[in-house]
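Fold and geometry: a report
Next come the chains, spelled out residue by residue.
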Amino acid sequence: MKLQILVPQYNETDAVVKPLLDSVAMQQNVDFGEVGVIICNDGSDVHLSDKLLQSYPFEVQYHLLPHGGVSAARQACLDRAEAEYVMFCDADDMFFNLCGLWIIFREMRGAGFDTLTSVFVEETRSPESGEPIYLNHDMDSTFVHGKVHRRQFLTENNIRWNAALTVHEDSYFNILCRSLSENAKYCPTPFYLWRWRDESVCRHDPQYILKTYGDMLRSSDALTGELLRRGKRGAAQSVCAGMVFDAYYSMNTERWLSRGSRKYREATERRFGDYYKKYRDVFESMDAAERSAVSAAVRSRKVAEGMDMERVTFDDWIRRVTAPRGAGRRVCCRK
């Protein structure tokens, strides 16, 4: 088998999963004998029906697991895979077009790849009208969407999902793949659609990032440590610098400066302080020019997200968030 699509399922019903499987079945110019789907139920009482799973021209495996979280479910899918290549999909997403698999198979030809990153499409909603909007995500390393991997590459390098990470867990796996690969490819043609779903908390909860930024730090902590363990100090420095500057500039955006965000900000800064003290040497030993380039890139992104001007210098902020608890940690908030 050439490709298996690996899908974690938790409380998604037949109606939610069907568009994904339908979008596979509609693919053009593909031998379905070379395609399979593995779905692992992460301890949910909502089981997919045999009627659905047996109605497709490709193999669909369905496995019931004890609850372990999304990373454990994805790893369970990977452990059961036998195809040359694997692709992770969320149960409520689908292929963006009818040639998606053909595009992936095209990229496999010749030398193939260890890991493939493609443009993917996000379906969202206009805040004014509620009408659908479709946005391209280019060269993204955060989301699992639009990534394909050679299975033997993952096995030989012992690249596994970190079961301790259940939010912002994608970046750990994606960046680890990219950091260890000597044959990474970029595909400018989108084939994956990140679908809108009203029940998706990360889409419509305005405080989602505030609530889960600590999980982002936890993911970066695990990734930085893993890269150092594998002797990839340069990659660890890049991850660490990206996280440090993302936290600093994020704390200067309106959403974090408002009084309503104070409890989230204080908790996040405490967590960041622990992260920074743990990896301070990794950050400070990075080449100064490279560190400045990372800072400029992150700042540019944060300006695009609404940051106006830094309220506090980087050095002052670092001193404050790493100060002993209760000492010099006053936060400037807006009404």
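Quick look at the structure, then. (Residues numbered from 1 in each chain as written. Predicted model: local features only at pLDDT ≥ 70, side-chain atom pairs only at ≥ 80, totals over all residues. Heavy atoms only, no water.)

Considerations on the overall build of the protein chain
When helices and strands are counted, the protein chain shows 13 helices and 11 strands. For the protein chain, whose C-alpha radius of gyration is 21 Å, the value lies close to the compact-globule estimate of 20 Å for 335 residues. With the C-alpha coordinates of the protein chain rotated into their principal frame, the extents come out at 65 × 45 × 35 Å. Burial statistics for the protein chain: of 335 residues in total, 51% are counted as buried. Considering only residue pairs separated by 6 or more positions, the protein chain has 77% of its internal contacts joining residues 24 or more positions apart. By element, 49% of the accessible surface of the protein chain is carried by carbon and sulfur atoms, the whole surface being about 15600 Å². For the protein chain, the distance from the average position of its 45 positive side-chain charges to the average position of its 47 negative side-chain charges is 7 Å. (Helix = DSSP H or I, 4+ residues; strand = E, 2+ residues; numbered from the N terminus. Rg over C-alpha atoms; globule rule 2.2 N^0.38 Å. Buried < 20%, exposed > 50% of the residue type's maximum accessible area, 1.4 Å probe, protein only. Contact = heavy atoms within 4.5 Å. Areas by Shrake-Rupley, 256 points an atom, 1.4 Å probe, with all protein chains shown as cover. Lys, Arg positive; Asp, Glu negative; His and termini not counted. Charge placed at Lys NZ, Arg CZ, Asp CG, Glu CD.)

Details of the sheet that holds strand S2 (residues 35–42)
Read across the sheet, seven strands follow the order S3-S2-S1-S4-S9-S6-S10 without closing on themselves; strand pairing throughout is mixed. A strand with exactly one partner marks an edge of an open sheet, and here the two such strands are strand S3 (59–65) and strand S10 (184–187). Across the sheet, the axes of successive neighbouring strands diverge by a mean angle of 20 degrees, strand direction being ignored. Looking at chain direction, strand S1 (residues 3–9) and S2 are connected through seven bridges and run parallel. Bridge pairing in S2 links Leu3 to Val35. Seen against the sheet, helix H3 (residues 70–80) touches S1, S2, S3 and strand S4 (85–88) and runs at an angle of roughly 145 degrees to S2. (Pairing = 2+ DSSP bridges. Axes fitted to C-alpha atoms, helices over the stretch in contact; angles between N-to-C directions.)

Remarks on the side chain of Asp221
Along the chain, Asp221 turns up in helix H8 (residues 208–229). If we ignore the near neighbours within four places in the chain, the residues touching Asp221 are Arg271, Tyr275, Lys278 and Tyr279.

Structural notes on the sheet that holds strand S5 (residues 94–95)
Ordered by their spatial adjacency, four strands build an open sheet running S5-S11-S7-S8, and the pairing between neighbours is mixed. Edge positions in the sheet fall to S5 and strand S8 (132–137), since each has one partner strand and no second. Sheet topology note: the S5/strand S11 (residues 192–194) ladder contains two bridges and is antiparallel. Following the sheet pairing, Phe95 is matched in S11 by Tyr192.

Structural notes on H3
Residues lying three or four places apart along an α-helix face the same way, a consequence of the helix completing one turn every 3.6 residues. Listed in full, the buried residues belonging to H3 are Ser71, Ala73, Arg74, Gln75, Ala76, Cys77 and Leu78. The elements touched by buried residues of H3 are S1, S2, S3, S4, helix H5 (151–156) and helix H6 (170–180).

As for empty space enclosed by the protein
By the definition in use, this model includes one cavity of 30 Å³ or more. The space that makes up the largest cavity amounts to roughly 60 Å³. Forming the boundary of the largest cavity are Thr115, Thr117, Asp140, Ser141, Lys147, His149, Asn174, Ile175 and Arg178. Listed by contribution, the elements that provide at least two residues to the lining of the largest cavity are strand S6 (115–118), strand S9 (147–150) and H6. By residue number, the principal contributor to the lining of the largest cavity is H6, which donates three residues. For the lining of the largest cavity, the residue count by class is one nonpolar, five polar and three charged. (1 Å grid on protein atoms, 1.4 Å probe; cavity = no way out; pocket = protein on both sides within 12 Å on 5 of 7 lines; lining within 4 Å. Points joined across faces, edges and corners; volume = space filled by probe spheres on them. Nonpolar A, V, L, I, M, F, W, Y, C, P; charged D, E, K, R; others polar.)

Focus on the environment of Thr166
Relative to the assigned elements, Thr166 resides in the loop between H5 and H6. Residues Thr166 and Ala72 lie 94 residues apart in sequence; the distance between their C-alpha atoms is 8.7 Å. Beyond its immediate stretch of four places on either side in the chain, Thr166 contacts Gly69 and Val70.

Examining the side chain of Glu122
Within the secondary structure, Glu122 is located in strand S7 (residues 120–125). Residue Glu122 is classed as buried on the basis of its relative accessible area of 11%.

What to know about the pattern of salt bridges
Under the counting rule described, the total for this entry stands at 26 salt bridges. With its nearest N and O atoms 2.9 Å apart, the salt bridge here joins Arg299 to Glu310. Of this pair, Arg299 sits in helix H12 (residues 288–304) while Glu310 sits in the loop between H12 and helix H13 (314–321), and the two are 11 residues apart along the sequence. Each of Glu12, Asp92 and Arg197 takes part in salt bridges that share partners, so that together they form one network. (Salt bridge = Lys/Arg side-chain N within 4 Å of Asp/Glu carboxyl O.)

Function-wise, these values are silent; they only describe arrangement.
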